[in-house]
Amino acid sequence: MPNKPAYRLYVDDPVYKNILKKEEKVVFVDRFENADFILFTDESLLERYREYKQAHPEYSTILFATRYRLLKNCKDAVGALYWRKGRPQLLFLKPRLKHHNIVLPTMFKKFEIETL
Amino acid sequence: MQRNRLSRVIFIIIGAMLLFMSYLQYAISQTTESIKTLEVTKAQEFAGKIERYLKTEIKGDSLVAYLDAHPEKRHEIDKMLHAFLTKEFRYIFLLTKDKEGYYRFLLDASIDEPVPYRSIFFPNSDVYDQVYRSGIAKVTKQKEHTEGIWLSLLYPIKKANKTQMLMVVDLSEAYSENLNRLNDPLIRIVKYMQFFLLLSILLLIYLMYNYTRMQKALMTDRLTAAKSKYFLNDFFGKHTLDAYNMIMIDIDEFKSINARFGYEEGDRVLREFSKTVQEHLPNNAFLVRNGGTEFLVVIPKNTVQIVSFSQNLFKLLKEKVYVVENEPLHITVSMSVMDVPEGTSSLQKAERVLDARMLEVKNLGKNSILFVGKHDVLNRTYSLEQVRYMLDAEQLICLYQPIIDNQTEKAVRFEVLARLIDKEYPDKYVTPDQFMDVIKGTSQYLKMSKLVLREAFGTLQKYPDIYLSVNLDLNDLYNTEVMSMIMEELKANRLMADRLSFEILEEHEIKDYDRVVTIFKQLKMYGSKIAIDDFGSGYANYSHVLHLDIDTLKVDGSLIRELSAMPERTEILLRSIQTLARGFGCEIVAEFVSEQTIYERVKALGLDYSQGYYFGKPQPIEAYMASLK
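Conventions adopted
Residues numbered from 1 in each chain as written. Chains lettered and ligands numbered in written order. Predicted model: local features only at pLDDT ≥ 70, side-chain atom pairs only at ≥ 80, totals over all residues. Heavy atoms only, no water. Phe/Tyr/Trp six-rings, centres within 6.5 Å; stacked < 30°, edge-to-face > 60°. Helix = DSSP H or I, 4+ residues; strand = E, 2+ residues; numbered from the N terminus. Buried < 20%, exposed > 50% of the residue type's maximum accessible area, 1.4 Å probe, protein only. Contact = heavy atoms within 4.5 Å. Buried area = accessible area lost by both parts, 1.4 Å probe. Salt bridge = Lys/Arg side-chain N within 4 Å of Asp/Glu carboxyl O. Polar contact = N/O pair within 3.5 Å; in protein donor to acceptor, adjacent residues only side chain to side chain. Nonpolar A, V, L, I, M, F, W, Y, C, P; charged D, E, K, R; others polar. Arc of directions from axis to C-beta. Pairing = 2+ DSSP bridges. Axes fitted to C-alpha atoms, helices over the stretch in contact; angles between N-to-C directions. Left-handed = near helix turned anticlockwise from the far one by under 90°.

Engineer: Please explain the packing of aromatic side chains as it appears in this structure.
Structural biologist: In this description, a pair of aromatic rings is defined by centroid distance and the angle of the planes. Residue and element names in this part refer to chain B. A full pass over the atoms with the stated rule returns 31 aromatic pairs over all chains. Seen from their ring centres, F93 and F121 are 5.5 Å apart, and the 65° between their planes marks the pair as edge-to-face. Here F121 lies in strand 3 (residues 120-121) and F93 lies in strand 1 (residues 89-97), a separation of 28 residues in the sequence. Like F121, F93 is buried. Ring centres of F235 and Y244 lie 5.3 Å apart, and the angle between their planes is 75°; this geometry places the pair in the edge-to-face category.

Here's what the structure looks like:
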């Protein structure tokens with residue numbers, strides 16, 4: 001997909017940044033309003049997001065969490081990737097995906113659930 | 001045979017080493033496996049205990065419904081489960097399946113990392129479903145992308161005949177590593193052993209390869225591509241000798257080819273000679289180079305008729321033309337052929353017989369072929385009993401070999417040579433070397449000497465114009481019984497005693513010349529002559545001439561034979577013997593004159609007499625008397 005534009009990602013955790021910087025299709029942005037995706041890695045980012053959202057109620061973007069708790073606490077997050085009992089866990093919430101009109105490829109369908 | 005046995009032994013050793021290596025590998029994997037089984041069994045025991053505890057604590061038929069309804073009980077059970085967490089068990093948790101078929105957390109032993117009740121869990125393995133469905137516990141090795149987990153025990157908890165929960169007991173990877181560390185020294189030792197075994201196998205293979213290569217090189221003569229002596233010995237280590245016939249071939253006068261054309265051309269002739277012989281051989285026969293220009297042909301008995309085959313081969317080799325430096329060259333060969341008798345087992349003995357026959361061919365003037373009778377191999381040496389039987393039956397014959405006056409070229413004397421007759425092989429006389437050793441010092445020697453002297457005097461009486469000489473060992477003359485017998489015979493035939501010579505052979509150094517002087521005086525009492533046999537070799541030395549009254553010196557055959565190989569040096573030696581003989585008034589007889597060239601040289605030197613196959617082989621006296629007439 002050479003012509004597909006790069007995804008603009010907001011992430012402030014340097015570890016994740018370091019991992020994702022090799023991805024050609026990912027461009028880091030430093031403002032929420034410029035981001036296609038926000039990757040939540042801790043509670044402080046969630047707090048800042050809430051503040052921003054309060055100030056800009058019309059703002060909408062795709063959120064993805066790296067912890068189960070973050071996914072649970074943020075109703076805007078569409079899914080999460082986290083560790084549970086030494087095993088990687090990937091899940092997406094169907095209603096939230098629908099809200100953003102996101103259709104996952106077939107290989108990820110098994111990770112879609114209705115409720116947490 | 002030795003080679004094959006060695007190869008077999010080496011292969012067996014290599015096989016045993018490989019088996020041992022595999023066994024070590026198997027043993028070490030079994031040890032690891034048994035450790036794993038032990039740990040899994042322990043985990044199952046824990047799981048069983050937890051199951052019993054849960055069933056006691058949770059009331060009602062639906063375990064899940066009870067837990068849903070009693071959050072304080074969940075907390076209590078979680079705490080109890082926490083007690084089961086050890087360094088072996090990293091995680092213990094219980095799952096159930098919701099209506100949609102997703103796994104949900106019910107209980108969790110990890111207090112410091114608690115999981116929200118009924119939160120979702122994706123196991124990423126089909127085994128979970130299998131266990132849930134079948135209700136049979138299973139151990140699964142976690143796929144990649146897990147953290148710190150070695151094995152997982154999936155243990156179903158059933159109630160009312162239905163799996164209600166799935167207990168997951170994760171065995172810690174760190175603990176597995178710890179177990180492996182305990183096992184490590186053993187594994188390391190096994191690895192070292194395997195390494196050294198492998199090294200030994202490689203070394204054995206290398207040694208065997210070198211050994212085989214060396215064996216191959218030893219088996220073939222490099223120059224002629226014929227087989228080597230080593231091959232021959234090895235071959236008759238595996239095969240019975242009497243299943244084969246043998247032909248010994250020696251190229252005549254090969255030195256002259258080397259001298260004339262050089263060694264390189266000589267080698268080429270040898271190669272071509274070997275090729276010619278090998279091309280003529282039947283299947284399974286082979287040619288061996290004994291060394292120098294001597295070869296041995298070994299032929300299986302059932303392939304060819306040995307006499308006609310060897311005669312054809314002889315003819316072929318004689319007619320073969322070699323081209324050396326653009327000149328045609330013929331070579332001649334001497335051959336001795338043996339139809340190896342049944343029961344013959346000694347290769348060395350058979351070769352000796354062939355050698356002896358070869359020597360006869362050489363003495364006859366080379367370029368000839370002689371056959372060996374069965375007798376030569378089977379009974380080369382006779383026992384005292386056998387000789388006694390033959391002497392009692394007077395199965396003794398005297399053969400005569402002429403001694404020629406070099407001036408007149410006429411036979412002036414005959415040497416009397418005793419032979420016994422073995423009735424089993426009447427056409428083959430038994431020569432002294434086959435029986436003399438066993439009868440020396442016995443009454444049979446006396447008997448034989450008496451028979452020989454009587455035969456000699458009988459011949460002298462029958463043919464008044466001839467002279468004879470008989471052989472005596474000086475050592476025997478020290479025996480008074482022998483001496484008395486001789487003196488009696490001389491006295492009885494004193495009129496003919498002056499036509500008789502005694503050829504004295506001395507095998508030991510003479511220490512008491514006075515005694516020998518007395519013996520010789522007695523022997524010469526009736527006019528007999530004394531000759532020293534084999535002069536110039538062994539103990540027959542110059543001191544004899546100095547101390548004893550000798551009439552004739554018979555120059556040793558080995559010196560005369562050298563006239564052909566080293567004429568100039570031998571002539572110097574013979575001239576010195578001649579001067580000595582002249583000085584002491586002795587006559588000289590050259591022995592072993594086997595060919596004309598030697599005779600010409602002997603004659604040119606002015607030696608008095610010649611004896612050898614050139615003039616005639618030992619035969620009954622009648623044969624010579626008929627030709628003299």
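Having seen it, we continue.
Engineer: Any chance you could explain the interface of chain B and chain A here in plain terms?
Structural biologist: Think of interface size as the accessible area that goes away when the parts come together; that is how it is often given. Contacts between the two partners involve 25 residues from chain B, matched on the other side by 18 residues from chain A. Buried surface at the junction of chain B and chain A, both sides included, amounts to about 1700 Å², of which 54% is carbon and sulfur. The salt bridge involving B:D170 is made with A:R87; its shortest N-O contact spans 2.7 Å. Taken together, chain B and chain A are joined by ten residue pairs in polar contact (both at pLDDT 80 or more). Sorting the residues of the side of chain B that touches chain A by element identifies strand 1, strand 2 (103-108), strand 3, strand 5 (149-159) and strand 6 (162-172) of chain B as the ones contributing at least two each. With three residues, strand 2 of chain B is the single largest residue contributor to the side of chain B that touches chain A. Within the side of chain B that touches chain A, the residues separate by chemical class into twelve nonpolar, seven polar and six charged.

Engineer: I keep staring at the environment of B:N233 and nothing clicks. Help me out?
Structural biologist: All names here are of chain B. Of note, N233 is situated in helix 6 (residues 229-238). When its relative accessible area of 45% is taken as the criterion, N233 is described as partly exposed. Counting along the chain gives 114 residues from N233 to L347, while the straight-line C-alpha distance between them is 7.9 Å.

Engineer: Looking at this structure, I do not really get the side chain of B:S228. What am I missing?
Structural biologist: As for its placement among the helices and strands, B:S228 is situated in the loop between helix 5 (173-219) and helix 6. Here B:S228 is in contact with B:L218, B:M219, B:T220, B:D221 and B:V288, once residues within four sequence places are set aside.

Engineer: What should I look at first to understand helix 4 (residues 127-134) of chain B in this one?
Structural biologist: Residues and elements named next belong to chain B. Considered for burial, the residues of helix 4 that qualify are V127, Y128, V131 and Y132. Angularly, the buried residues of helix 4 cover 135° about the axis, an arc narrow enough to put them on a single face. The first or second residue beyond helix 4 is G135, which carries a positive phi of 75°.

Engineer: Please explain the sheet that holds strand 12 (residues 333-338) of chain B as it appears in this structure.
Structural biologist: Two strands in a sheet stick together by hydrogen bonds in their backbones, pointing the same way (parallel) or opposite ways (antiparallel). Residues and elements named next belong to chain B. Spatial strand order, 8-9-7-12-13: five strands in an open sheet with mixed pairing. Strands with a single pairing partner mark the edges of an open sheet, and in this sheet they are strand 8 (286-291) and strand 13 (369-372). Taking the axes of each pair of neighbouring strands and ignoring which way they run, one obtains an average angle of 20° across the sheet. As paired strands, strand 8 and strand 9 (residues 294-300) are joined by five bridges and run antiparallel to one another. Counterpart to R289 in the pairing with strand 9 is F295.

Engineer: I keep staring at the packing of helix 19 (residues 557-565) of chain B against helix 20 (residues 567-584) of chain B and nothing clicks. Help me out?
Structural biologist: Residue and element names in this part refer to chain B. Relative orientation of the contacting elements helix 19 and helix 20 amounts to 145°, with a least axis distance of 7 Å. The crossing of helix 19 and helix 20 is left-handed. On helix 20, the residues that touch L559, I560, E562, L563, S564 and A565 of helix 19 are P567, T570, E571, L573, L574 and I577. Classifying every residue of the contact of helix 19 with helix 20 gives eight nonpolar, two polar and two charged.

Engineer: I tried to follow the side chain of B:E571 on my own but got confused; where do I start?
Structural biologist: Residue and element names in this part refer to chain B. With respect to the secondary-structure elements, E571 resides in helix 20. E571 sits in the buried class, given a relative accessible area of 18%. Excluding anything up to four places from it in sequence, E571 contacts L563, R601 and L605.

Engineer: Help me understand the pattern of salt bridges in this model?
Structural biologist: Two side chains of opposite charge can pair, provided their charged atoms sit close to one another. For the coordinates displayed, the defined rule picks out 41 salt bridges over all chains. Of the charged contacts, one joins A:D36 and A:R8 as a salt bridge, the two residues approaching to 3.0 Å between their closest N and O atoms. Of this pair, A:D36 sits in the loop between strand 2 (26-28) and strand 3 (37-40) while A:R8 sits in strand 1 (residues 7-10), and the two are 28 residues apart along the sequence. What makes A:R8 partly exposed here is its relative accessible area of 38%. For B:E591, the salt bridge is made with B:K554, and the minimal N-O distance between the two is 3.7 Å. Of the two residues, B:E591 is situated in the loop between strand 21 (587-590) and helix 21 (596-605) and B:K554 in strand 20 (residues 552-555); the sequence distance between them amounts to 37 residues. For the residue pair B:E591 and B:K554, the accessibility class agrees, reading buried in each case.

Engineer: What's the story with the pairing of strand 17 (residues 468-473) of chain B in this structure? I'm lost.
Structural biologist: When a strand is regular, its side chains alternate between the sheet's two faces. All names here are of chain B. Among the six residues that make up strand 17, five are buried, leaving the element largely enclosed by the rest of the structure. The pairing of strand 15 (residues 410-421) with strand 17 spans two bridges and is parallel. Opposite E415, over in strand 17, you have S469 as the bridge partner. Two elements, strand 17 and strand 18 (residues 500-505), share six bridges in a ladder whose sense is parallel. In the sheet register, D473 faces strand 18, and the bridge partner there is L505.

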